[in-house]
Amino acid sequence: MTQQQTQAATVLSYTEVNSPIGPLVLVSTLQGLCKVDFGTYEQNREKLQQWANRWFGRHELQENASRLETVVQQLEQYFRRERLSFEGELDLQGTEFQKQVWTALLSIPYGETASYKHIAEAIGSPKAVRAVGGANNKNPIPVIIPCHRIIGASGDLVGYGGGLPIKVLLLDLEQCSNTVLTNK
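The chain appears in an unreviewed UniProt entry as Methylated-DNA--protein-cysteine methyltransferase from Paenibacillus phytorum. The chain has a UniProt comment under Sequence similarities (unreviewed entry) that states "Belongs to the MGMT family." According to its UniProt record, the chain has this under Subcellular location (unreviewed entry): "Cytoplasm".

What follows is the structure, given as structure tokens:
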């Protein structure tokens, strides 16, 4: 037997939650939240399988609302404007550069925005603005890791994985759609 044949499958717990921006699928390992997708589980099933195959190899997706109860409660509080930040462990799956970018996104305060340039400077790679944009686009945990708070250097809204209407809703929720960049 090969090592992969003897290795136990990683259990990925998931649940769906309804939100003001539509249904969300939340996925967690034993280490922490690892994925948030816009839409239902059924709409994302194939994409989730491909993502899990890439990062975990052998895995088993199991519906388990109780494992994700705390995250669901925090999201509900966030959408009611009762929570400004999220708590709990994250299990980030990506390249080291992507993880640096995603960690830097966590430092953008609620109600504020930043540019790709600001994030590139924050991670010590001021010339990596395009690469930061690519990593931002691959954020596996939107809303929790606030990639929606990234706007263009000119102050324009730039793309969002969930679509610009959802980005506008999130920025309006946080009352920062007209916020000046935190670092120009």
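After presenting the structure, the write-up continues.
A. Molecular detail of the overall build of the chain. Of regular secondary structure, the chain possesses 7 helices and 4 strands. When the helices and strands of the chain are placed in sequence order, the string is α-β-β-β-α-β-α-α-α-α-α. For the chain, the C-alpha radius of gyration of 17 Å lies close to 16 Å, the compact-globule estimate for 184 residues. Projected onto the principal axes, the alpha-carbon positions of the chain cover approximately 55 × 35 × 25 Å. Split into buried and exposed, the 184 residues of the chain put 45% on the buried side. A sequence separation of at least 24 residues applies to 61% of the contacts in the chain between residues at least 6 apart. Total accessible area computed for the chain in this model is approximately 9800 Å², and 47% of it derives from carbon and sulfur atoms. Taking the average location of the 17 positive side-chain charges in the chain and that of its 18 negative ones, the two points are 8 Å from each other.

B. A look at the pairing of strand β3 (residues 33–38). Of all 6 residues in β3, 5 are buried, a share of seventy percent or more. What sits between the antiparallel neighbours strand β2 (residues 24–28) and β3 is a turn of 4 residues, in which G32 has the positive phi angle 160°.

Each value, and the rule that gives it
- Residues numbered from 1 in each chain as written.
- Predicted model: local features only at pLDDT ≥ 70, side-chain atom pairs only at ≥ 80, totals over all residues.
- Heavy atoms only, no water.
- UniProt positions renumbered as here; feature names shortened; annotations may be inferred.
- Helix = DSSP H or I, 4+ residues; strand = E, 2+ residues; numbered from the N terminus.
- Rg over C-alpha atoms; globule rule 2.2 N^0.38 Å.
- Buried < 20%, exposed > 50% of the residue type's maximum accessible area, 1.4 Å probe, protein only.
- Contact = heavy atoms within 4.5 Å.
- Areas by Shrake-Rupley, 256 points an atom, 1.4 Å probe, with all protein chains shown as cover.
- Lys, Arg positive; Asp, Glu negative; His and termini not counted.
- Charge placed at Lys NZ, Arg CZ, Asp CG, Glu CD.
- Pairing = 2+ DSSP bridges.

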